[in-house]
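So you can see what is in the structure, the chains are spelled out below.
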Amino acid sequence: MSIVDRVVSVVLHIFPFLGSSKSKENDSKAKKATDAKPFRNSLVLFRGAEYHRYKEQTSREPLTDYDMSLTMLEYQAFFTNEGAKLEDDPADLLMASVWKEPDRMQRVTTAHKVLEMNPQCSAALVLLAEEQAATITESEELFRQAMRASEVAYKHTTALSHQDSMYKPIHERNANLCAYCKLRLAYCNRKLGKFKEAIKLYRDLLKDDHVVVMANVQENLIECLLEMQSYSEVSQFLAKQEELSLIKSTSMCYTIALLKAKAVGEKFCPETVSRRSLNSAELVAVEAIHRAVELNPHVPKYLLELKSLVLPPEHVCKRADSEAVAYAFHHIHHWKRVEGALSLLGSTWEGTFRRIPFPLERGHIFHAYPAHAESVDRQLLPDYHEVSVFPQRDTPFFMVFTGVLCFSFHDPDSGGIPLPSGHDPVRQDCHHRLSRRTGEAGPDRHFRHFFLLRLFFVSRKFSS
């Protein structure tokens, strides 16, 4: 162990005995709140039209098995009638087994068999649109068919669900299918340049409760408005979200930073600013960038092209490298389009880490950085991508000084620091022997531990 690690280990052993039970409960709650978990990527690509084409051209697998298995579990939960007590349709039973099939071609073959049994099976059409369609246009056509079929089924089960509660699982399945088809159809329109149609669908989806479970529609709408360069509408939408305290995602925070940078980017010049102080508008833009970087510190390297991008995974870990890849993949050209935005970002983003208390993972504005985010990212991102970790900062001088002072004079007999004492050397030696024999720590040893703890906190005060 290094010197600083030894200091910290001693303090961590002593500090729990000094803290209250309430602080321990708060620490456990904070730890649970910051644990890393995978979430559905709101701007996920199509497997057939995008991921599979990439694999054919590069011979690289863009998705991991863990990522695809999470998607299959979600599809199985959203699009099956497992909670229904009624006799299921044979096509539905066969379709339920498709989501558990690991092989892509077998899934496609089974979906075609389901359509032969029931041509209006919207779940089978969704699977073909996601995995078999070779172009976005083919996916759009299949999603339109699936949406028409799911809307008919949804209207049919609406009345039945009110009459008999056993129809509720089927009715919820049909509602999920309608919402999902509308969401992916809006994404097809955005890819094909039909921005007005996509925005209309996204605004309709904001009123739908079912789609909130599947994806964050707000991020899709923001990206589509940025593509149309409707910056005023984006600003109004983000202002409403900020009133509701919903500005917690990487996409929203970096979009706010982009809009603030747009206001000063045309006149911003790093050489000029270095000779004068920042004006109020520039201070607001820098503060927005610092806020965004603290939320996700991995994004700037992708936006500034200091690190290569890969295709975004189907699931991301909040505030981690996977979410940074997903954001930069869709938004890097928005930053390039705004004059001076990348220049402002490149000259100010590293200053974020100078104002975060040590250690950096503690956070300043937001909660602490999620624990085990790196391990989750390694399961979500392909092997050929180098996963970014939370930036590290050099150890403060006073912490190093404390460690050297404490352990360069380490007393192996007492486990502490030999301080000046007025005891007789013979009596001190007898006391050490008695302590080792009885296992009791004398008052000198407790005082040494207290002195060590005091030095550590003094060093933290100077370093901050």
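What you see is a predicted model; the values in this text were computed from it and never measured.

A. Geometry of the nonpolar core. Grouped together as the largest cluster of nonpolar side chains are 89 residues, with contacts concentrated most on Met-95, Phe-143, Tyr-202, Leu-303 and Trp-335. For this core, the element with the highest residue contribution is helix 14 (residues 250–265), accounting for 9 residues. Counting residues in each nonpolar core, the second largest holds 9 residues, with Ala-36, Tyr-369, Leu-380 and Phe-390 among its members.

B. Here's a closer look at the packing of helix 9 (residues 168–191) against helix 10 (residues 195–205). It is at 8 Å that the axes of helix 9 and helix 10 come closest, and there the two elements cross at 155°. It follows that helix 9 is roughly antiparallel to helix 10 by the angle criterion. Here helix 9 runs over helix 10; the crossing is left-handed. On helix 10, the residues that touch Ala-179, Lys-182, Leu-183, Leu-185, Ala-186, Tyr-187, Asn-189 and Arg-190 of helix 9 are Phe-195, Glu-197, Ala-198, Leu-201, Tyr-202 and Leu-205. Tallied by class, residues from the contact of helix 9 with helix 10 come to 10 nonpolar, 1 polar and 3 charged.

C. Quick look at helix 18 (residues 321–337). With 17 residues, helix 18 should reach 24 Å at 1.5 Å per residue; the first-to-last C-alpha distance of 24 Å fits that figure. In helix 18, a bend of some 55° at His-331 exceeds every other bend along the element. With 13 of 17 residues buried, helix 18 is to be regarded as a mostly interior element.

D. Representation of the pattern of salt bridges. All chains considered together, the criterion is met by 18 salt bridges. The residue Lys-194 makes a salt bridge to Glu-140 at a minimum N-O spacing of 3.1 Å. Taken together, the residues span a long stretch of sequence, with Lys-194 in the loop between helix 9 and helix 10 and Glu-140 in helix 8 (residues 136–163) at a distance of 54 residues. According to the relative accessible area criterion, Lys-194 is partly exposed, its value standing at 31%. Between Glu-223 and Arg-190 there is a salt bridge, with its nearest N and O atoms 2.8 Å apart.

E. Fine view of the packing of aromatic side chains. Applying the stated criterion across every chain yields a total of 10 aromatic pairs. Relative to Tyr-180, the ring of Tyr-75 has its centre 5.9 Å away and its plane inclined at 80°; by these criteria the two rings are edge-to-face. One end of the pair, Tyr-75, is in helix 4 (residues 65–78); the other, Tyr-180, is in helix 9, and 105 residues separate them in sequence. Of the residues examined, Tyr-180 reaches a relative accessible area of 4% and is grouped as buried. Between Phe-79 and Trp-99, the aromatic rings sit 6.0 Å apart at their centres with planes inclined by 55°, giving tilted as the arrangement.

F. Focus on helix 20 (residues 373–380). Those residues of helix 20 lying buried are Ala-373, Val-376, Asp-377 and Leu-380. Projected onto a plane normal to the axis of helix 20, the buried residues spread over an arc of 100° and lie on a single side.

G. Representation of the environment of His-315 in the model. Assignment of secondary structure puts His-315 in strand 2 (residues 315–317). Those residues in contact with His-315 that lie beyond four places of it in its chain are Pro-38, Phe-39, Arg-40, Asn-41, Asp-67, Leu-70, Thr-71, Glu-74, Ser-322 and Leu-380.

H. Region of interest: the environment of Gln-229. As for its position among the elements, Gln-229 is in the loop between helix 12 (217–227) and helix 13 (231–243). A relative accessible area of 45% places Gln-229 in the partly exposed class. Residues Gln-229 and His-334, spaced 105 residues apart in sequence, show a C-alpha to C-alpha distance of 8.6 Å.

Criteria and thresholds
Residues numbered from 1 in each chain as written. Predicted model: local features only at pLDDT ≥ 70, side-chain atom pairs only at ≥ 80, totals over all residues. Heavy atoms only, no water. Core = buried A, V, L, I, M, F, W, Y, C linked by side-chain atoms within 4.5 Å. Buried < 20%, exposed > 50% of the residue type's maximum accessible area, 1.4 Å probe, protein only. Helix = DSSP H or I, 4+ residues; strand = E, 2+ residues; numbered from the N terminus. Axes fitted to C-alpha atoms, helices over the stretch in contact; angles between N-to-C directions. Parallel < 35°, antiparallel > 145°, perpendicular 65-115°, else oblique. Left-handed = near helix turned anticlockwise from the far one by under 90°. Contact = heavy atoms within 4.5 Å. Nonpolar A, V, L, I, M, F, W, Y, C, P; charged D, E, K, R; others polar. Expected span 1.5 Å × (residues − 1). Bend = angle between axes of the 7 residues up to and from the residue. Salt bridge = Lys/Arg side-chain N within 4 Å of Asp/Glu carboxyl O. Phe/Tyr/Trp six-rings, centres within 6.5 Å; stacked < 30°, edge-to-face > 60°. Arc of directions from axis to C-beta.

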